[in-house]
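Structure assessment
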Amino acid sequence: MDKSKRTFLKSKRSFRKRLPPIQSGDRIDYKNMSLISRFISEQGKILSRRVNRLTLKQQRLITIAIKQARILSLLPFLNNEKQFERTESTTRTPSFRARKR
């Protein structure tokens, strides 16, 4: 069979069905911190629906619950662990311009 006339055959891979990240018994609520923390990145950002593998309705509920938890100070808005330090290059130096009098 010539290479140009080959038909493309779909590979028959068996895909393992993943378990949904939210079980049917789990309640999406701002108080359920163990559930909410799974959908937040290390930086404190809400992960996308594609990464989470959630339905549209579940993603909306998770987003609302995360925002409510942030407002009630259960979650930080930002999760910056390292503090920004001023280095010598960013410190202000006095200006050597002559002042106009």
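Throughout what follows, the structure given in this document is the object of discussion. (Residues numbered from 1 in each chain as written. Predicted model: local features only at pLDDT ≥ 70, side-chain atom pairs only at ≥ 80, totals over all residues. Heavy atoms only, no water.)

1. Looking at the side chain of Asn52
Residue placement: Asn52 occurs in helix 2 (residues 49–52). Note on Asn52: relative accessible area 8%, which makes it buried. Engagement of the side chain of Asn52 in a polar contact is seen with the side chain of Gln59, the distance being 3.3 Å. Leave out the neighbours within four places in its chain, and Asn52 touches Pro21, Phe39, Leu47 and Gln59. (Helix = DSSP H or I, 4+ residues; strand = E, 2+ residues; numbered from the N terminus. Buried < 20%, exposed > 50% of the residue type's maximum accessible area, 1.4 Å probe, protein only. Polar contact = N/O pair within 3.5 Å; in protein donor to acceptor, adjacent residues only side chain to side chain. Contact = heavy atoms within 4.5 Å.)

2. As for the side chain of Arg70
Within the secondary structure layout, Arg70 lies in helix 3 (residues 56–71). The exposure class assigned to Arg70 is buried, which follows from its relative accessible area of 13%. Ignoring anything within four residues of it in the chain, the contact list for Arg70 reads Gly44, Lys45, Ile46, Leu75, Pro76 and Phe77.

3. A closer look at the environment of Asn52
With 30 residues separating them along the chain, Asn52 and Ile22 place their C-alpha atoms 9.7 Å apart. A polar contact is formed between the side chain of Asn52 and the backbone oxygen of Leu47, at a distance of 3.2 Å.

4. Quick word on the nonpolar core
Judged by nonpolar contacts, Ile22, Leu35, Ile36, Phe39, Ile40, Leu54, Ile62, Ala65, Ile66, Ala69 and Leu75 together constitute the single largest core of 11 residues. Elements supplying a minimum of two residues to this core: helix 1 (33–36) and helix 3. For Leu54, the residues in contact, after removing those within four places along its chain, are Pro21, Ile22, Phe39, Arg49, Gln59 and Ile62. (Core = buried A, V, L, I, M, F, W, Y, C linked by side-chain atoms within 4.5 Å.)

5. Overview of the pattern of salt bridges
In total, this model carries 2 salt bridges according to the counting rule given. Across the pair Arg38 and Asp26 runs a salt bridge, and its minimum N-O distance is 3.9 Å. Taken together, the residues span a long stretch of sequence, with Arg38 in the loop between helix 1 and helix 2 and Asp26 in the segment before helix 1 at a distance of 12 residues. Classification of Arg38 as partly exposed rests on a relative accessible area of 45%. Of the charged contacts in the structure, one is a salt bridge between Asp29 and Lys31, with a shortest N-O distance of 4.0 Å. The exposure class of Lys31 is exposed, given its relative accessible area of 57%. (Salt bridge = Lys/Arg side-chain N within 4 Å of Asp/Glu carboxyl O.)

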